[in-house]
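Commentary on secondary and tertiary structure
So you can see what is in the structure, the chains are spelled out below.
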Amino acid sequence: MTSHNTHSAAKQSNASLGLWLYIMTDIMVFASLFATYVILRHGTNGGPDASEIFNLELILVSTFLLLFSSLTSGMANIAARSGNARGALVWLGATITLGIGFLTLELYEFGELILHGHGPAHSAFLSAFFVLVGTHGLHILIGIIWAIALGDYISKKGLTPDGVRRLGLFTIFWHFLDLVWIFIFTVVYLLGAIT
Amino acid sequence: MDWSWFIGRFSAEYLPSDPATIGAAIGMPLGIIAVLAAITYFKKWSYLWNEWITTVDAKKIGIMYMGIAILMLLRGGADALMLRAQTAVAPSGVELFDTDTFQQVFTAHGSIMIFFVAMGAMFGLINIALPLLLGARDVAYPFLNSVSFWLFFAGMVIINISLVVGGFSNGGWLGYPPLTGLEYNPGPGVDYWIWALQISGIGSLLSGINFTVTILKHRAPGMTLMKMPIFAWSVLVSMVLVMLAFPVLTATLAMLSLDRLADMHFFTSDGGGNPMLYVNLIWAWGHPEVYILILPAFGIFSEVIATFARKKIFGYVTMVAALLAIMFLSFVVWQHHFFTMGAGANVNAFFGIMTMIIAIPTGVKLFNWIFTLYKGNIRFTAPMIWFMCFAFSFTIGGVTGVLMAVPALDFQVHNTMFLVAHFHNVIIGGVLFGFFAGIYYWWPKVFGFRLHDASGKLAAYLWLGGFILAFMPLYVLGLMGAVRRIDTYSDPTWQPLFIVSAIGVGVIALGVVTMVLGAIYSIWKRKELADTDGDPWDGRTLEWSVPSPAPHYNFAITPQVTRRDEWWYQKKNGIKPPQKSDYVDIHLPKNTAAGVYIAIAAGLAGMGLIWHIWWLVAVALIGLIWIVLQRTFNDDTEYTLTAQQLYELDRKASL
Amino acid sequence: MTKHTSNAALRREKTHYIIGFTGAATLTVLAYASVTAQWFSATQTAAFVLVLAVLQLFVQSYYFLHLGDEPKPRWKSWSYLYSMVMMIIVVMGSLWVMYNLNYRMGMTGPQMEAHMLEQNKKGF
């Protein structure tokens, strides 16, 4: 039996290091996209630049949606580890809802831009903007799918050791996405708004 | 009726039209059908499925990597023969291939050799040797390992399909825009290149994570980092570079692909885009990639030399320090690949000096190997001969590299045959020779019999001789002004040198044939070459403590490590035979087909993106997510081997 | 392993989350306000919000990602640190190279000539 327990603890620590290293690789993906954005941001091709098209209030709202969801995902993790399955599910549900809210605002922002003729094909600046922000959005979407699958698993099987482990991994991933967003918020939106 | 919603942009014009490609387009499917028919005839499908396709055993995955790498070496080698045949006869008025075909051939040669031969052989050898060297049962994530391999396989399939339909990229192995942009290359060729690299690249990235966690978490008890074999250190550093560099490739290829698919403007010359940015980003991946390939080869040589000189490696700590220095420095030299693009003196000087500095840790390693050999009791087996050939060739390649690190000199030889000779000098003479040494060295551990030694030595000499004939003329041609990637030239004085070079490629081909024949001969004589005690070379590290071929659980009893070269000292101090009570229950991963399914879905998505078949992309991606979720939430992925079963298996294997 | 996490540890983690969230929210609002209310000049504001972003990186890394709580060997902390260093090298290096290239490649013939003459005066 002891052999099984150490085996499962080793699995936990393995998986968490693996996810962590995956996040490190993701940092480099975003590093490339940030560098590209900063280098290409003046390539507006006669179109609008950053100060003309962003709606800062909307972005502040989505920033807070994501920040709140980071908190709720942490709470879900704590609830799960104290054995509170219901609490974990409620907090996870809140995280999913906030994530969907964030994504909806992002899609609204993209839709508005495209409707006004500022789609990604218009200029290098817009390409870099859409792809940097869109890659983050894609990660959020993956996170939401993961969270829904997790919720489904926990509601069916309860807080198995594997379930708690997976929820812990999800929380780390979600915190990381919030952290990336802080830099998108600062570099793309805030610095873009300064003329 | 309009079928374009169904078949995308595919049409009859993409079918092959010239004789060379028609031959390949007919021959390749026929070959595949013949193989499939043979498998069916000999009723080997269930064996293949259960023992290989669904396997999560690192050693079997490693063997499959090696198989693909060797197959692709033949394909890439055939490309090389075509290229040099063309340049040998070009001024005589014979045109073997038209310019566009020639461009596709050198692009395919470069992409295949780097991504599917060098990377494939590297991951193959790591899979085979690393867990055994660490005293581990398996890699950290056996299933992820299978996913990585099958993604690599899917990329390989995609790059070869281009031979049959649609043609390949003509943009060189790194595909610089604007040539690879929509404007100059609207066809599917560049997309084949992008998606073959992208899919196999993601596999490499996952492998990087996998092996890093394996090294950090799965070492045998007592094996601290500083007690690891140098091979494990070199793999660790190489995999850290994979994790940091490959994401840059992924992002860069994604952006190039979006330029092509969604008409974006990252690297276009209009719309505010900047093609120079692509060159910058691709080399921010590309330079570390060079070290990703060479470091495991260095690690193999470190093991080979210590074993065959019967001495511990000289300067272990400086070896590790050199590796760590390379881990950092390889990320601050990338601009030396485009000194001539127009950056100022400050930028060029900085990257030039960094490039010269990175030669120092590399030199340290070479001296350490030489000092290990000094006063050693050396046995000149095939792996040692590969080392000698490497030391000769790699030193020349390293020195010409330092030459080109001087920006002023680089302006003279940039993008000439001199550069081509330089990087073949380090990649053939460094990376490939290292991997060949690894194949001869670890072959008995996986197959249970040694490779025929004399044929291995002969192959090494043929490779080295062929290499000198093929590439020394290119150094001269480069200094004479021959630009790389030319299919024809007007200066007749170049022709003799090009002919010598073509002969050299032929000699290398003889070397390949010798290796293949040697392997076939060894299989035939496997009884005589059998490795009966699992330790054919009188080795020093833990992989030689288990029977050959290594059992699927690697170690029946987890080894306890107290020092470097543990096995060597265990043999000296006398090995205690294990007691029945030493065996405990172990958990092993179950075989799974999910890895294959994920790769099929990824490959189909790639084909959809290449041919603009959007429904296929959607279906494949949804399928992909579905399989990943099914697998992620599957709790039943392991089985237990009881102490009793293990004891019996181990007794049988040791007999 | 569920049982191994003591209640005290969980309570501490909960407190961490509350502190982290408050800190992150404050920093976000500060950054936003400094831009919209234009407290400083453009350059100062840019520097200010970047500093706030880095502060927030520390706050979230410590309170949300629990960096520093890790038992030895601290692979997560080391890999995080090294990735950050490499990220800065790749981003800053690319910016340096690309700005230099854009600056020089964007010059007209006469500009380039003037530039080269200027360089020659330096003596190299």
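Source: prediction; values computed, not measured.

Summing up its helical and strand segments, chain A has 6 helices and 0 strands in all. Reading chain A from its N terminus to its C terminus gives the helix and strand order α-α-α-α-α-α. Overall size of chain A, expressed as C-alpha extent along the three principal axes, is 70 × 30 × 25 Å. Looking at chain A as a whole, 65% of its 195 residues qualify as buried. When contacts within chain A are restricted to residue pairs at least 6 apart in sequence, those whose partners lie at least 24 apart make up 80%. Each charge class in chain A was averaged separately, 8 positive and 10 negative side chains, and the resulting centres sit 23 Å apart.

This part is about the packing of helix α14 (residues 417-447) of chain B against helix α15 (residues 453-480) of chain B. The geometry of a pair of packed helices is captured by two quantities: the angle between their axes and the separation between those axes. Residues and elements named next belong to chain B. With their axes 8 Å apart at the nearest point, α14 and α15 run at an angle of 170 degrees to one another. Relative to α15, α14 is oriented roughly antiparallel. Contacts from Met417, Phe418, Val420, Ala421, His422, His424, Asn425, Ile428, Leu432, Phe433, Phe436 and Tyr440 of α14 reach α15 at Gly456, Ala459, Trp463, Leu464, Phe467, Phe471, Met472, Leu474, Tyr475, Leu477, Gly478 and Leu479. Looking at the contact of α14 with α15 residue by residue, the class counts come to 19 nonpolar, 5 polar and no charged.

This brings us to the pattern of salt bridges. For the structure on display, the rule yields 18 salt bridges over all chains. One continuous salt-bridge network, built from bridges that share partners, spans Arg310, Asp535, Asp538 and Lys571 of chain B.

This brings us to a positive patch on the surface. Taken together, the side chains of Lys312, Arg563, Arg564 and Lys572 of chain B present a region of like positive charge at the surface. Within the fold, lysine 572 of chain B resides in helix α17 (residues 566-573).

Serine 548 of chain B connects to proline 549 of chain B through a cis peptide bond whose omega is -10 degrees. By the element assignment, proline 549 of chain B lies in the loop between α16 (495-524) and α17. Cis geometry is adopted by the peptide bond preceding proline 73 of chain C, which originates at lysine 72 of chain C and carries an omega value of -10 degrees. Considering the arrangement of structural elements, one finds proline 73 of chain C in the loop between α2 (42-63) and α3 (75-105). Here arginine 485 of chain B, not a glycine, exhibits a phi torsion of approximately 65 degrees, which is positive. Within the secondary structure layout, arginine 485 of chain B lies in the loop between α15 and α16. Classification of arginine 485 of chain B by relative accessible area gives partly exposed; the value is 34%.

We now examine the environment of valine 105 of chain B. Residues and elements named next belong to chain B. With respect to the helices and strands, valine 105 occurs in helix α5 (residues 99-134). Exposure remark for valine 105: the relative accessible area of 9% places this residue in the buried category. Taking the C-alpha atoms as reference points, valine 105 and asparagine 170, separated by 65 residues in sequence, lie 7.9 Å from one another. The contacts of valine 105, once residues within four sequence positions are left out, are Asp79, Met82 and Leu83.

Looking now at the interface of chain A and chain B. Each partner contributes to the interface: chain A provides 37 residues, whereas chain B provides 36 residues. Summed over both partners, the interface of chain A with chain B buries about 3,000 Å², with 69% contributed by carbon and sulfur atoms. On the surface where chain A and chain B come into contact, there are 2 salt bridges. Here lysine 157 of chain A and aspartate 635 of chain B are joined by a salt bridge, their closest N and O atoms 3.7 Å apart. Taken together, the links from chain A to chain B amount to 9 residue pairs in polar contact (both at pLDDT 80 or more). Of all the elements in the fold, those that place two or more residues in the side of chain A that touches chain B are α1 (2-40), α5 (124-157) and α6 (161-193) of chain A. In terms of residue count, α1 of chain A provides more of the side of chain A that touches chain B than any other element does, 19 residues in total. Split into classes, the residues belonging to the side of chain A that touches chain B amount to 19 nonpolar, 14 polar and 4 charged.

This part is about the interface of chain A and chain C. One frequent convention defines the size of an interface as the accessible area lost when the parts assemble. Between chain A and chain C, the contact holds 47 residues from the first and 46 residues from the second. Carbon and sulfur atoms make up 81% of the area that chain A and chain C hide from each other, which totals about 4,100 Å². Along the contact surface separating chain A from chain C lie 1 salt bridge. The salt bridge involving glutamate 13 of chain C is made with arginine 81 of chain A; its shortest N-O contact spans 2.4 Å. Those elements that place two or more of their residues in the side of chain A that touches chain C are α1, α3 (56-81) and α6 of chain A.

Let us now look at the confidence of the model for chain A. In the predicted model, chain A carries a mean pLDDT of 92, and 96% of its residues have values of at least 70. In the model of chain A, α1 of chain A stands out as the element of lowest mean pLDDT, 85, in contrast to helix α4 (residues 85-115) of chain A, which has the highest, 97.

Cut-off values and rules
- Residues numbered from 1 in each chain as written.
- Chains lettered and ligands numbered in written order.
- Predicted model: local features only at pLDDT ≥ 70, side-chain atom pairs only at ≥ 80, totals over all residues.
- Heavy atoms only, no water.
- Helix = DSSP H or I, 4+ residues; strand = E, 2+ residues; numbered from the N terminus.
- Buried < 20%, exposed > 50% of the residue type's maximum accessible area, 1.4 Å probe, protein only.
- Contact = heavy atoms within 4.5 Å.
- Lys, Arg positive; Asp, Glu negative; His and termini not counted.
- Charge placed at Lys NZ, Arg CZ, Asp CG, Glu CD.
- Axes fitted to C-alpha atoms, helices over the stretch in contact; angles between N-to-C directions.
- Parallel < 35°, antiparallel > 145°, perpendicular 65-115°, else oblique.
- Nonpolar A, V, L, I, M, F, W, Y, C, P; charged D, E, K, R; others polar.
- Salt bridge = Lys/Arg side-chain N within 4 Å of Asp/Glu carboxyl O.
- Patch = residues over 30% accessible without salt bridge, like charges linked within 9 Å, V, L, I, M, F, W, Y side chains within 5 Å.
- Areas by Shrake-Rupley, 256 points an atom, 1.4 Å probe, with all protein chains shown as cover.
- Buried area = accessible area lost by both parts, 1.4 Å probe.
- Polar contact = N/O pair within 3.5 Å; in protein donor to acceptor, adjacent residues only side chain to side chain.
- pLDDT = per-residue confidence, 0-100.

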